[in-house]
Amino acid sequence: MEKKYYVIGNWKMNPGNLNEAKSTAKTLQRITPNSKYVETVICPPSVFLYTLQKEIKGKTKYGHQGIHYEAKGAFTTKISASMAASAGAKFGIIGHSEERREGVTDEMVSGSLKNCLKEGMTPVLCVGENERDQNGFYFNIIRQQIETALSNIPKTRYTDIIIAYEPVWAIGKDAKRPASANEFLEIKIYIQKVITDLSNRKTADEVSIIYGGSADDTNILPFLEAGAMGFLPGRASLEPEVFSKMVLEVIDFAKNEGSK
Ligand code: PGA
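A quick note: this is a predicted structure, and the numbers were derived from the prediction, not measured.

1. Some words on the packing of aromatic side chains
Following the criterion strictly, the structure yields 9 aromatic pairs and no others. Between Tyr6 and Phe91 the ring centres are 6.2 Å apart and the planes differ by 70 degrees, which places this aromatic pair in the edge-to-face class. Of the two residues, Tyr6 is situated in strand β1 (residues 5–10) and Phe91 in strand β4 (residues 91–94); the sequence distance between them amounts to 85 residues. Each member of the pair, Tyr6 as well as Phe91, is classed as buried. Ring plane angle 15 degrees and centroid distance 4.2 Å describe the contact between Tyr211 and Phe223, whose orientation is recorded as stacked. Here Tyr211, found in strand β7 (residues 208–211), pairs with Phe223, found in helix α9 (residues 221–225); they are 12 residues apart in sequence, far enough to count as distant.

Printed below as a string of structure tokens:
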């Protein structure tokens with residue numbers, strides 16, 4: 001089976017109101033090219049999700065930012081997997097660094113991942129170190145994040161999970177720079193090793209590993225060449241022109257790969 005590429009937009013806490021969200025989603029649905037090679041997704045704030053997926057339809061699917069680790073209960077402000085799924089989410093961004101920053105632990109991520117799969121959504125598990133130290137301790141952080149996240153997941157489901165490598169130092173407008181393709185490649189190989197250790201080589205090869213952190217239409221090609229199966233852009237996903245150019249680049253790359 002041919003592996004799919006993904007471009008998954010994380011809108012974070014943007015835009016400021018429903019009208020703007022509708023107009024951004026409308027343009028994005030209209031101009032984003034589609035292809036059998038690439039799955040495109042946008043993850044708006046949850047208050048907009050239901051309306052957008054109902055009213056602004058197109059080839060781009062919708063996903064949810066964050067899924068709670070419990071199925072229901074007294075968790076003010078939180079959204080469960082079944083709620084997100086019933087509001088139209090097909091994907092769930094899990095363990096994003098901006099959630100981890102607010103106290104979400106690897107154990108919580110593990111619960112969220114399990115619930116997301118249970119409700120039939122594709123989890124996008126975000127992993128990444130806060131900084132790169134000289135001694136390579138960041139490898140241990142990635143291992144710990146993946147091992148704990150997958151601890152309650154049957155090995156047969158690993159290939160239903162997308163892993164997004166998002167080095168925290170490369171995310172957002174204050175980021176110094178995106179990671180380099182080599183830095184991505186190094187971690188991609190390491191993630192495959194961790195998954196091989198937990199299951200087997202074949203499974204590790206089949207898990208889609210994507211990149212996020214200041215990804216846009218100007219810098220993604222080297223990542224594709226390094227084996228990224230797609231991207232998780234934040235800011236670039238709020239600009240339909242930029243997002244659609246990214247998708248086009250991924251399609252072109254995937255077509256070339258497919259014809260090799
Ligand atoms: P950015 O965000 O593309 O704006 O750096 C990426 C992310 O946090 O997923």
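2. Things to note about the pairing of strand β3 (residues 61–65)
Sheet analysis places strand β2 (residues 38–43) next to β3, joined by 2 bridges and oriented parallel. When the sheet's bridge partners are listed, Ile42 is paired in β3 with Tyr62. As paired elements, β3 and β4 share 3 bridges and run parallel to each other. Directly across from Gln65, in β4, lies its bridge partner Ile93. Where the polypeptide runs from β3 across helix α3 (residues 81–86) and back to β4, its parallel neighbour, the crossover connection is right-handed.

3. Details of the pattern of salt bridges
Opposite charge on two side chains lets them pair, provided their charged atoms get close. Summed over all chains, the structure comprises 14 salt bridges. As a salt-bridge pair, Asp205 and Arg201 come within 3.2 Å of each other at their nearest N and O atoms. Linking Asp205 with Arg201, this pair stays in helix α8 (residues 201–206), spanning 4 residues, or about one helical turn. Overall, Arg201 belongs to the exposed group, its relative accessible area being 53%. Counted as one network, the salt bridges with shared partners bring together Arg143, Glu147, Lys193 and Asp197.

About the criteria used
Residues numbered from 1 in each chain as written. Predicted model: local features only at pLDDT ≥ 70, side-chain atom pairs only at ≥ 80, totals over all residues. Heavy atoms only, no water. Phe/Tyr/Trp six-rings, centres within 6.5 Å; stacked < 30°, edge-to-face > 60°. Helix = DSSP H or I, 4+ residues; strand = E, 2+ residues; numbered from the N terminus. Buried < 20%, exposed > 50% of the residue type's maximum accessible area, 1.4 Å probe, protein only. Pairing = 2+ DSSP bridges. Right-handed = clockwise from strand over helix to strand, strands pointing away. Salt bridge = Lys/Arg side-chain N within 4 Å of Asp/Glu carboxyl O.

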